[in-house]
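# Results of the structural survey
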Amino acid sequence: MDQRSLFGLSEHLERLSKNGDPLETLEATVDFEYFRGWLVEGLGYGDGSKGGRPPFDPVSMFKALILQAQHNLSDAKMEFMIRDRLSWMRFLGFDLGGSTPDENTIRHFRNRLTETGTLKRVMKAFDWQLQKKGYIPMSGQIVDASLVPAPKQRNSEPEKAAVKEGKSARQIWTNEPNKAAQKDVDARWTLKIGGKVRYRPDGTPLPMIATPVFGYKSHISIDRRFGFIRDAVVTSASAPDGRQLKRLVSRENTGSEIWADSAYRSQTNERWLADRMLTSRIHRRKPTGKPMPRVTAQANAKKSSIRAAVEHVFAHQKTRFGLFIRTVGLARAEAKLTLANIAYNMDRLIFHERRMATG
């Protein structure tokens, strides 16, 4: 590349910065080097003396996964976008005309993070980074879940029965390995009930729209004060929400109150919270065959005004990230949603830092 081309590239990048490159804001706000130790340890990288060391820096590759989560890109599309966008190349530390990761490299890197449990450790490490910045979880926790669709499976009745029995794809499609590799036996169908529950004068509920959804469910817990995702669980779409409460509530939060919708209310959960001196702010259900008591309805409405904060998290991920599961299997779906949660927390951190800077 001649001197004129280098000067033109430098000027172009300067203009990107002048116009407000959001990736420069992300780079300045999040300490990505903080994750290097966890990435290197989890991936099992040596010093390279015996060969086999990957050609790309693990921090750069982790940044690529964050970009991929923010834009809901397939591995093939991610490969193209890295080569196509100068701002992305600069953010990732790749040189124009130099080597960049292909789709197989991206996939293998993400799979390695998933298999070793490194992604979960990185998310926890980022939570520590947040706390060091002063974003300590406080004022209680809000728990909720959201359905995340996956490609629908077209199976015969015997195949559906085998899936429900818990058989693996290889066991079901023994003579069709290529087909088995594309079959997701972890995702499940469920009904998404839309809209607010409305009642007739006699107290009976009006019919509601039920939409079938195939995929997974993202369960999260956010702190009420700052709205960061502190804990998360991924299940099939048909898994009951209430059973995940114990996996989502953290004792690190300085507040004792727990907000959630009525799906989380059960005697077991109420006893579990009480035994740990936690205060339940979980919605109460309408009595069977009776109208909702006015006092209960008012209490639920007050709780909803607080609980609504968690809905903003899912809205952000679905509208801005276009959240959708393209991979096969629970482990990879969990990786996808964990990256989406980390990406959300990074966006949330930028929001708070900007607000503090502007007063």
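## Quick look at the nonpolar core
Looking at soluble globular proteins, one finds that nonpolar side chains tend to be buried together. In this structure, Phe32, Phe35, Phe62 and Met346 are the most contacted members of the largest nonpolar core, which totals 67 residues. Once residues lying within four places of it in the same chain are set aside, the contact partners of Phe62 are Phe32, Phe35, Leu39, Phe109, Val122, Leu339, Ile342 and Met346. Core analysis: the next-biggest nonpolar cluster, separate from the first, contains 13 residues, Val143, Ile258, Ala260 and Ile282 among them.

## Some points on the pattern of salt bridges
As enumerated under the stated definition, the model contains 20 salt bridges in all. As a salt-bridge pair, Glu27 and Lys63 come within 2.6 Å of each other at their nearest N and O atoms. Of this pair, Glu27 sits in helix H2 (residues 22-29) while Lys63 sits in helix H4 (residues 58-71); the two residues are 36 residues apart in sequence, bridging distant segments of the chain. Residue class for Glu27 comes out partly exposed when judged on its relative accessible area of 34%.

## Digging into the pairing of strand S1 (residues 141-149)
Among the nine residues in S1, eight count as buried, and that is most of the element. Where S1 meets strand S3 (residues 209-223), nine bridges bridge the pair, whose relative direction is antiparallel. Within S3, the position partnered with Pro149 by the bridge is Gly215. In the sheet, S1 pairs with strand S5 (residues 257-260) via two bridges, with the strands oriented parallel. Looking across to S5, one finds that Ile142 is bridged to Trp259.

## Some words on the side chain of Ser87
Within the secondary structure, Ser87 is located in helix H6 (residues 86-92). The contact partners of Ser87, leaving out residues within four places of it in the chain, are Leu16, Asp21 and Leu23.

## Notes on the packing of helix H3 (residues 36-43) against helix H7 (residues 103-115)
At a closest axis distance of 9 Å, the pairing of H3 and H7 adopts a crossing angle of 90 degrees. Comparing their axes, H7 and H3 come out roughly perpendicular. Contacts between H3 and H7 pair Leu39, Gly42 and Leu43 from the former with Phe109, Arg112 and Leu113 from the latter. Grouping the constituent residues of the contact of H3 with H7 by class yields four nonpolar, one polar and one charged.

## Some points on the packing of helix H8 (residues 118-132) against helix H15 (residues 330-358)
The contact between H8 and H15 brings their axes to 10 Å, and the two run at 15 degrees. For the element pair H8 / H15, the angle class is roughly parallel. Considering the relative orientation of H8 and H15, their crossing is left-handed. Contact residues: H8 offers Leu119, Lys120, Val122, Met123, Phe126 and Leu130, while H15 offers Glu334, Ala335, Thr338, Leu339, Asn341, Ile342, Asn345, Met346 and Leu349.

## Let's talk about helix H13 (residues 267-275)
Of the residues making up H13, those classed as buried are Asn269, Trp272 and Leu273. Take H13 and look down its axis: the buried residues cluster within an arc of 95 degrees, on one side only. Seen from the open side of H13, the exposed residues pointing more than 90 degrees away from its buried face are Gln267 and Asp275. In this structure, the buried side of H13 is in contact with helix H12 (245-248), S5 and strand S6 (279-282). Positive backbone phi, approximately 55 degrees, marks Met277, located one or two places after H13.

## Some remarks on unusual backbone geometry
Outside of glycine, negative phi angles account for most residues, and trans bonds account for most peptide bonds. Positive phi, normally seen in glycine, also occurs at Asn72, with a value near 50 degrees. Relative to the helices and strands, Asn72 resides in the loop between H4 and helix H5 (75-84). Overall, the relative accessible area of 12% leaves Asn72 in the buried class. Despite not being glycine, Met277 has its phi angle at roughly 55 degrees, a positive value. Positionally, Met277 belongs in the loop between H13 and S6.

## A closer look at H5
When H5 is considered as a whole, its buried residues turn out to be Asp75, Met78, Glu79, Met81 and Ile82. Along its buried surface, H5 packs onto H4, H6 and H7.

## Here we look at the packing of aromatic side chains
Aromatic ring pairs are reported here in terms of the distance separating the ring centres and the angle at which the planes meet. Per the stated rule, a full pass over the model turns up twelve aromatic pairs. For the ring pair Phe32 and Phe35, a centre distance of 6.3 Å and an interplane angle of 70 degrees mean the geometry is edge-to-face. The pair formed by Phe32 and Phe35 is uniform in burial state, with each residue classed as buried. On the basis of an interplanar angle of 80 degrees and a centroid distance of 6.1 Å, the ring pair of Tyr34 and Phe35 is categorised as edge-to-face. The buried category is assigned to Tyr34, whose relative accessible area is 19%. Among the residues examined, Phe35 registers a relative accessible area of 0% and is labelled buried. The cationic tip of Lys63 hangs over the ring face of Phe91; the distance from NZ or CZ to the ring centre is 4.9 Å.

Conventions and cut-offs
- Residues numbered from 1 in each chain as written.
- Predicted model: local features only at pLDDT ≥ 70, side-chain atom pairs only at ≥ 80, totals over all residues.
- Heavy atoms only, no water.
- Core = buried A, V, L, I, M, F, W, Y, C linked by side-chain atoms within 4.5 Å.
- Buried < 20%, exposed > 50% of the residue type's maximum accessible area, 1.4 Å probe, protein only.
- Contact = heavy atoms within 4.5 Å.
- Salt bridge = Lys/Arg side-chain N within 4 Å of Asp/Glu carboxyl O.
- Helix = DSSP H or I, 4+ residues; strand = E, 2+ residues; numbered from the N terminus.
- Pairing = 2+ DSSP bridges.
- Axes fitted to C-alpha atoms, helices over the stretch in contact; angles between N-to-C directions.
- Parallel < 35°, antiparallel > 145°, perpendicular 65-115°, else oblique.
- Nonpolar A, V, L, I, M, F, W, Y, C, P; charged D, E, K, R; others polar.
- Left-handed = near helix turned anticlockwise from the far one by under 90°.
- Arc of directions from axis to C-beta.
- Phe/Tyr/Trp six-rings, centres within 6.5 Å; stacked < 30°, edge-to-face > 60°.
- Lys NZ or Arg CZ within 6 Å of the ring centre and 35° of its normal.

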